Amino acid sequence: MKVEKIMVIGAGQMGSGIAQVCAEAGYSVLLNDLKAEFVERGLGVIGKNLARQVEKGRLTTTQKEEILGRIAASSDIQDSRGADLVIEAAIENMEVKTKLFAQLDELAPDHAILATNTSSLPITEIAAATRRPEKVIGMHFMNPVPVMKLVEIIRGLATADEVYQTIESITERIGKVPVEVEDFPGFVSNRILMPMINEAIFTLYEGVASKEAIDEVMKLGMNHPMGPLTLADFIGLDTCLYIMETLHEGFGDDKYRPCPLLRKYVKAGWLGRKSGRGFYSYES
C-alpha cells in the first residue's frame, strides 16, 4: 500500500508533533483542526521546534523551510478526500472519535488507512463506526512526539496484515520504533504508567508525603527523569482521569479507581501545565 499524503486531524500538542515528524520524513501533510486559528497555532509550534533545530545545527534554514513547505493547513474535514492515510489526534473521547471515523469513512478514498492516536480507547470499537474496519489501526505516539521514539501499534479485531505492515513501515520511516500491542484498555504504556501516577496522587491525598517529596523519591530512587506528579501535570490531569476511567470501566477492577483528589483538581479546572496550575503552579 503506497502512502504519499497524510492528513493529521487535531493540531494540538500531539497532532502538530505528528505532522512535524511526517513532514520531516518527506511526506506531504495536511494539518487539520476545527478552526483555522487552531491550525495556525499548531503550525507556529512546529515552526518554533524546527527553528530550535536550526539553532542547534541539526537542520539548515533551507531544510526547515522545505519541511514547513510540505505541511498545508486545513479546517475542512472534506480535505480527507485526498489522503492516503489519516491520523486522528483529537480529544480522548469515544463519542467524538467514532463520529469522526464515521465521517472519514464516507469521505476518505477507499484505499485510505484510518489511524487513531488514542492512548487508551479500544481500536475495535472505533473501527466498528466504519465500513472498513480492516483499514483501521491504532498509532499511539508518545509526548513530545518529535523527541520520543516509541509508537505503540494496535490492531483492531479486523485490521488487515497489509495495513499493519504499511503502518509499521511508515513508523520506521519517520524515525520511530514500532511496537505491536494487543487491543486492551490502556494498551501497555498507559496500563502501567497511569496506575503508578494514580497511586502517587493517592500518596499525596493520604498525606504520606509532600508532592515535592513524592517526585524526588521517584526521580532519585527509581531514576525516573521526572516525578509522577510533575509528569501528570505535563500530560494533563483531565487526560490522566479519562484514561483511569477507561481502565476502570474496561477491566472492572477497583485497582484502577481514580483518586478522588485527581477528580477534584479536574473539576476545579486545575489541569496541569496547559491550564497554568495542577499539582504545581505554572502561572509565572
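What you are looking at is a predicted structure, and each value in this text was computed from that prediction instead of being measured. (Residues numbered from 1 in each chain as written. Predicted model: local features only at pLDDT ≥ 70, side-chain atom pairs only at ≥ 80, totals over all residues. Heavy atoms only, no water.)

S.K.: Before we go on, may I ask you to explain the layout of surface pockets in this structure?
M.R.: The gaps left among the atoms become clear once a water-sized probe is rolled over them. The calculated volume of the second largest pocket comes to roughly 560 Å³. Considering the residues around the second largest pocket, the lining is formed by 23 residues, among which Gln13, Ser16, Gly17, Val45 and Asn49 are closest to the centre. Taken together, the elements giving at least two residues each to the lining of the second largest pocket come down to α1 (13–24) and α2 (36–55). Broken down by element, the residue count for the lining of the second largest pocket peaks at seven residues, all from α2. (1 Å grid on protein atoms, 1.4 Å probe; cavity = no way out; pocket = protein on both sides within 12 Å on 5 of 7 lines; lining within 4 Å. Points joined across faces, edges and corners; volume = space filled by probe spheres on them. Helix = DSSP H or I, 4+ residues; strand = E, 2+ residues; numbered from the N terminus.)

S.K.: Can you help me understand the pattern of salt bridges in this one?
M.R.: Two side chains with opposite charge may pair up if their charged atoms get near one another. Under the defined criterion, the tally for this structure stands at 14 salt bridges. Between glutamate 92 and lysine 97 there is a salt bridge, with the nearest N and O atoms lying 3.7 Å from each other. Relative accessible area serves as the criterion here: at 1%, lysine 97 is assigned to the buried category. Among the ionic pairs, glutamate 106 bridges to arginine 131, the shortest N-O distance being 3.0 Å. Taken together, the residues span a long stretch of sequence, with glutamate 106 in helix α4 (residues 94–107) and arginine 131 in the loop between α5 (123–127) and β6 (136–141) at a distance of 25 residues. A network of salt bridges, in which partner residues are shared, links Asp105, Glu106, Arg131 and Arg132. (Salt bridge = Lys/Arg side-chain N within 4 Å of Asp/Glu carboxyl O. Buried < 20%, exposed > 50% of the residue type's maximum accessible area, 1.4 Å probe, protein only.)

S.K.: Is there a simple way to explain the side chain of threonine 159 in this structure?
M.R.: Its place among the elements puts threonine 159 in the loop between β7 (150–155) and α6 (161–173). Polar contacts involving the side chain of threonine 159 include one to the main-chain carbonyl oxygen of valine 136, which spans 2.7 Å. Once residues lying within four places of it in the same chain are set aside, the contact partners of threonine 159 are Pro133, Glu134, Val136 and Ile137. (Polar contact = N/O pair within 3.5 Å; in protein donor to acceptor, adjacent residues only side chain to side chain. Contact = heavy atoms within 4.5 Å.)

S.K.: Can you walk me through the packing of helix α7 (residues 189–205) against helix α10 (residues 237–251) in this structure?
M.R.: Working note: a packed helix pair is described by the angle between its axes plus the distance between those axes. As a packed pair, α7 and α10 sit with axes 10 Å apart at the nearest point and diverge in direction by 115 degrees. When the axis of α7 is compared with that of α10, the two are roughly perpendicular. As α7 packs across α10, the resulting crossing turns out to be left-handed. Where α7 approaches α10, its residues Asn190, Arg191, Met194, Pro195 and Asn198 are matched on the opposing element by Cys240, Ile243, Met244, Leu247 and Phe251. Among the residues forming the contact of α7 with α10, the class breakdown is seven nonpolar, two polar and one charged. (Axes fitted to C-alpha atoms, helices over the stretch in contact; angles between N-to-C directions. Parallel < 35°, antiparallel > 145°, perpendicular 65-115°, else oblique. Left-handed = near helix turned anticlockwise from the far one by under 90°. Nonpolar A, V, L, I, M, F, W, Y, C, P; charged D, E, K, R; others polar.)

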